[in-house]
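Each chain is listed here by its residues.
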Amino acid sequence: MRKKIIKIIFFALGIGAGYSFLPYFWLLIGWQTNVWINNALVNMLFGLLIMWLISLIATDPVEVLIKN
C-alpha cells in the first residue's frame, strides 16, 4: 500500500512538472510552434512518463527512508 501511495505522489509531481516546465523546454529547443507537442495534455503525459521511469528506480529507496 505504501508503494502505491509513493507512486501516486510521483505521478502527481510528474504531471505538475510537465505542465509547468515542459513549455519552457520546448521554447529552449525551438519547438514552441509545434502544436502537436507543445500543448498541456502532451506536456502532462511527458511529465507523467518521465516520473514513472524515475519511480521505477526511486520507490524502494523512498520507502526505506519513510520506514526509518
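One can find the structure itself at the top, above this paragraph.
What you are looking at is a predicted structure, and each value in this text was computed from that prediction instead of being measured.

**Quick word on the overall build of the protein chain**
Inference 1: A tally of helices and strands in the protein chain yields two helices and zero strands.
Inference 2: The C-alpha atoms of the protein chain give a radius of gyration of 14 Å, which is well past the 11 Å a tight globule of 68 residues would have.
Inference 3: Referenced to the eigenvectors of the C-alpha coordinate spread, the extents of the protein chain come out at roughly 45 × 20 × 15 Å.
Inference 4: Within the protein chain, the fraction of its 68 residues that count as buried is 21%.
Inference 5: Sequence-distant contacts, at least 24 apart, represent 71% of the contacts inside the protein chain between residues at least 6 apart.
Inference 6: When the accessible area of the protein chain is evaluated, it comes to approximately 5200 Å², of which 76% is carbon and sulfur surface.

**Re the environment of Met 51**
Inference 1: Along the polypeptide, Met 51 turns up in helix α2 (residues 40–67).
Inference 2: Here Met 51 falls in the buried class, since its relative accessible area comes to 16%.
Inference 3: Apart from residues no more than four positions distant in its own chain, Met 51 is found in contact with Phe 10, Leu 13 and Gly 14.

**Some thoughts on the packing of aromatic side chains**
Inference 1: Applying the stated criterion across every chain, the model contains three aromatic pairs.
Inference 2: Aromatic side chains Trp 26 and Trp 31 sit 5.9 Å apart centroid to centroid with 15° between the ring planes, which places their arrangement in the stacked category.
Inference 3: Using a relative accessible area of 5% as the deciding quantity, one classes Trp 26 as buried.
Inference 4: Judged by its relative accessible area of 43%, Trp 31 falls in the partly exposed class.
Inference 5: Of the aromatic side chains, those joined through ring pairs into one cluster are Phe 25, Trp 26, Trp 31 and Phe 46.

**Some thoughts on helix α1 (residues 2–29)**
Along an α-helix, a turn takes 3.6 residues, which lines up residues three or four apart on a common side.
Inference 1: Taking 1.5 Å of rise per residue, 28 residues should cover 40 Å, and α1 covers 38 Å from first to last C-alpha, within 8% of that figure.
Inference 2: The largest bend along α1 reaches roughly 40° and is located at Phe 21, with the proline Pro 23 sitting one to four residues downstream.
Inference 3: Within α1, the full set of buried residues consists of Ile 6, Phe 10, Gly 14, Gly 18, Leu 22 and Trp 26.
Inference 4: Buried-residue contacts for α1 involve α2.
Inference 5: In the stretch just after α1, Gly 30 is the one whose phi turns positive, near 90°.

Each value, and the rule that gives it
- Residues numbered from 1 in each chain as written.
- Predicted model: local features only at pLDDT ≥ 70, side-chain atom pairs only at ≥ 80, totals over all residues.
- Heavy atoms only, no water.
- Helix = DSSP H or I, 4+ residues; strand = E, 2+ residues; numbered from the N terminus.
- Rg over C-alpha atoms; globule rule 2.2 N^0.38 Å.
- Buried < 20%, exposed > 50% of the residue type's maximum accessible area, 1.4 Å probe, protein only.
- Contact = heavy atoms within 4.5 Å.
- Areas by Shrake-Rupley, 256 points an atom, 1.4 Å probe, with all protein chains shown as cover.
- Phe/Tyr/Trp six-rings, centres within 6.5 Å; stacked < 30°, edge-to-face > 60°.
- Expected span 1.5 Å × (residues − 1).
- Bend = angle between axes of the 7 residues up to and from the residue.

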